[in-house]
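Structural features, examined
Chain residues, written in single-letter form:
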Amino acid sequence: MSTPKGPMQSSDIWPAPYAERPVRGTVRVPGSKSLTNRYLVLAALAASQSVVRHPLISRDTTLMRAALEQLGVRFTVRDDNSEWLIDPPAHLSSGLAIDAGLAGTVMRFVPPLAALTRGEITFDGDEAARTRPMGPLVHALRDLGITVDSESPDVATLPLTVHGTGSVDQHEASIDASASSQFVSALLLTGARFTDGLTLRHVGQGLPSRPHIEMTLHTLSQVGVTASEIEPALWRVEPGPIAGFDLTVEPDLSSAAPFLALAAISGGTITVPSWPTSTTQAGDAMRGVLTQMGAYITHTPEGLQITGPIAGSLRGIDINLHDVGELTPVIAAVAATANSPSRLRGVGHLRGHETDRLAALEAELSRVGAHVRQHDDGLSIEPAALHGAQLQTYGDHRMAMAAAVLGAAVPGVSVIDVATTAKTYPGFADVWTALVA
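For every chain, the first residue of its written sequence is number 1, and the numbers climb from 1 along that sequence. Since the coordinates come from a predicted model, pLDDT governs what is reported: local features require at least 70, and pairs of side-chain atoms require 80 or more to be given and counted, while whole-chain, interface and lining totals use all residues. Calculated side-chain values reflect all of the structure's heavy atoms, with hydrogen atoms and water omitted.

1. Some words on the side chain of D252
Formally: Counting from the N terminus, the helices are DSSP H or I runs at least four residues long and the strands are E runs at least two residues long. In the analysis that follows, any N or O atom pair within 3.5 Å is treated as a polar contact, provided that within protein one partner can donate a hydrogen and the other can accept it, and provided that, for residues neighboring in sequence, both atoms belong to side chains. We call two residues in contact when some of their heavy atoms are within 4.5 Å.
Mapped onto the secondary structure, D252 falls in the loop between strand 14 (246-248) and helix 7 (253-266). A polar contact is formed between the side chain of D252 and the backbone nitrogen of S255, at a distance of 3.1 Å. Among all residues touching D252, those that are not within four sequence positions of it are V29, P30, G31, S32, K33 and Q281.

2. Structural notes on helix 5 (residues 182-191)
Defined as follows: Any residue under 20% of the maximum accessible area for its type is buried, any over 50% is exposed, and the rest in between are partly exposed; the area is computed with a 1.4 Å probe on protein chains only.
Along helix 5, 10 of the 10 residues are buried, which leaves the element largely enclosed by surrounding structure. Listed in full, the buried residues belonging to helix 5 are Q182, F183, V184, S185, A186, L187, L188, L189, T190 and G191.

3. Concerning the sheet that holds strand 6 (residues 96-99)
Threshold: Strand pairing is assigned whenever DSSP identifies at least 2 bridges connecting the two strands. To obtain each axis, a line is fitted to C-alpha atoms, and for helices this fit is confined to the stretch in contact; angles are then taken between N-to-C directions over 0 to 180 degrees.
Read across the open sheet, the four strands follow the order 6-7-9-8; overall the sheet is mixed. In this open sheet, the two edge strands, each paired with only one partner strand, are strand 6 and strand 8 (147-150). On average, each strand axis in the sheet is inclined to that of its neighbour by 20°, with strand direction left out of account. In the sheet, strand 6 pairs with strand 7 (residues 118-124) via four bridges, with the strands oriented parallel. Note on strand 7: the bridge partner recorded for A97 is T122. Sheet strands in contact with helix 4 (residues 135-143) are strand 8 and strand 9 (160-165), and its direction is about 150° off that of strand 8.

4. Observations regarding the sheet that holds strand 2 (residues 24-26)
In space, the four strands of this open sheet follow the order 2-15-17-16, with mixed pairing throughout. In the strand order of this sheet, the two ends are held by strand 2 and strand 16 (296-300), each with one partner. Here the strands of the sheet are splayed against their neighbours by 15° on average, with no regard to which way each runs. For strand 16 and strand 17 (residues 303-307), the ladder comprises five bridges, and the chain directions are antiparallel. In the strand pairing of strand 17, T300 is matched with G303. Helix 7 contacts strand 15 (269-272) and strand 17 of the sheet and is inclined by roughly 155° relative to strand 15.

5. Regarding empty space enclosed by the protein
To keep it simple, the criterion reads: Put plainly, a pocket is an open set of points on a 1 Å grid over the protein atoms alone with protein on both sides within 12 Å along at least five of seven lines, a cavity is a set where a 1.4 Å probe fits but cannot get out, and a lining residue has an atom within 4 Å of a point. Grid points are joined across faces, edges and corners, and a volume is the space filled by probe spheres set on the points. Ten residues, namely Ala, Val, Leu, Ile, Met, Phe, Trp, Tyr, Cys and Pro, are considered nonpolar, four, namely Asp, Glu, Lys and Arg, are considered charged, and the remaining ones, Gly among them, are considered polar.
Following the criterion strictly, the structure yields two cavities of 30 Å³ or more and no others. Looking at the largest cavity, its volume works out to about 390 Å³. Forming the walls of the largest cavity are 31 residues, and the residues nearest its centre are K33, Q182, H212, E326 and H353. Secondary structure elements with two or more residues in the lining of the largest cavity: helix 1 (33-45), helix 3 (104-114), helix 6 (210-222) and helix 11 (397-409). The leading source of residues in the lining of the largest cavity is helix 3, at four residues. Space inside the second largest cavity adds up to approximately 50 Å³. When residues of the lining of the second largest cavity are traced back to their parent elements, those giving at least two are helix 10 (357-367) and helix 11. A per-class count over the lining of the second largest cavity returns seven nonpolar, one polar and one charged.

6. A word on the packing of helix 9 (residues 328-336) against helix 11
Formally: Working definition: roughly parallel below 35 degrees, roughly antiparallel above 145 degrees, roughly perpendicular at 65 to 115 degrees, and oblique for all remaining angles. Each crossing is labelled by how the near helix is turned from the far one, with a counterclockwise turn of less than a right angle marking it left-handed and a clockwise turn marking it right-handed.
At their nearest, the axes of helix 9 and helix 11 sit 8 Å apart, and the two run at 20° to each other. Here helix 9 lies roughly parallel to helix 11, going by the angle between them. The two elements helix 9 and helix 11 meet at a crossing, and its hand is right-handed. On the side of helix 9, the interface is formed by P329, V330, A333, V334 and A336, while helix 11 contributes R398, M399, M401, A402, V405 and L406. When grouped by side-chain class, the residues that make up the contact of helix 9 with helix 11 number 10 nonpolar, no polar and one charged.

7. Describing the pattern of salt bridges
Operational definition: Any carboxyl oxygen of Asp or Glu within 4 Å of a side-chain nitrogen of Lys or Arg constitutes a salt bridge here.
By the definition in use, this model includes 17 salt bridges. The salt bridge partner of D60 is K423, with a shortest N-O separation of 2.8 Å. Of this pair, D60 sits in helix 2 (residues 59-70) while K423 sits in the loop between strand 23 (414-416) and helix 12 (428-436), and the two are 363 residues apart along the sequence. In terms of burial, D60 and K423 fall into one category: buried. Between R201 and E231 there is a salt bridge, with its nearest N and O atoms 3.6 Å apart. Of this pair, R201 sits in strand 11 (residues 198-202) while E231 is found in strand 12 (residues 227-231), placing the two residues 30 residues apart along the sequence.

Function cannot be read off these values alone, since they describe shape.
Here it is, written out as structure tokens:
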């Protein structure tokens, strides 16, 4: 068994509540991290003031806001943080050191903005962030004529320094985004502000999390930017102004995933208000996954409603999660409770996330007695008698949410550092405990 890497664990141990009966309730999840941070980047580049309504307030979005404020963007907060007015600067500031924390969107979305400044900007983050892939983005920026220095010339990771010249005059670049679709989104978001726009080609073997690229293209269209995938794995962003906008952030459907899982494993019913009927969010795929495993899902006037089958009768699933890899930890936790085997495919790229999620899932599911085996592209999970255990989270919010799901299914589970869920869902443990209890 390989050993996942992650930051030092907090000493805080959370007794995950066990669902002794079917869980019923309504959960209003916070806004989407992915949409919030995309809107913030576009607001920083816009020609006039923008308004972002119901942004997610979490560590990742706070780090993004702080980075943009350092670049000269001004935020005015109204209505108890439910409305942000964002004024872009006339010229982005430089001579900065930006802390990306463990936020992939900050460490990848902000360097292309840095290329538009006149001067140097250094990026660093948490210890675990220094192991996350950055090379493809660095190489693409260099293709565009931007000087980027890193401490490891052969393997580009944080810390790194971008040397901006005030403009990006080259417009063609190639990128291997097989490790993360964020590399593509990072350049697409800024491409309209390049002198001649951007033509970007993916040259890797596979492209994970395509819904996130579709999300980026959709957000660009919302602010008046002409951008499209003109042929498979080839994108074009036309140069031009980014219009100021007034947009509302959708609920984070990936953060809703553990609550849908809770209904499925307990045989209960959970309603999530404001679930969009049309969305580019990867988390929307959770509906289809749990339906295949035996749950019943409908749209009601109150929101999306899921009802689980009789406890213990969930079926295993054989599914390719390549496009929706962020759902893998919660789906794996549900699969560990199923009455037949599961095979989760297409997610080898999860080894480069906040931690090696495949190794982490193998370790933690095995800790509660599940029979788990890693493959090059995913996991296989066999039915087994489960028991309580103390579970690690590796500083990974998705692992913490998966641990909560296991705790609802198995008595005696405790979780180290459940507070890491604040990355996308501040207060998660309190909401979860109130619902299950």
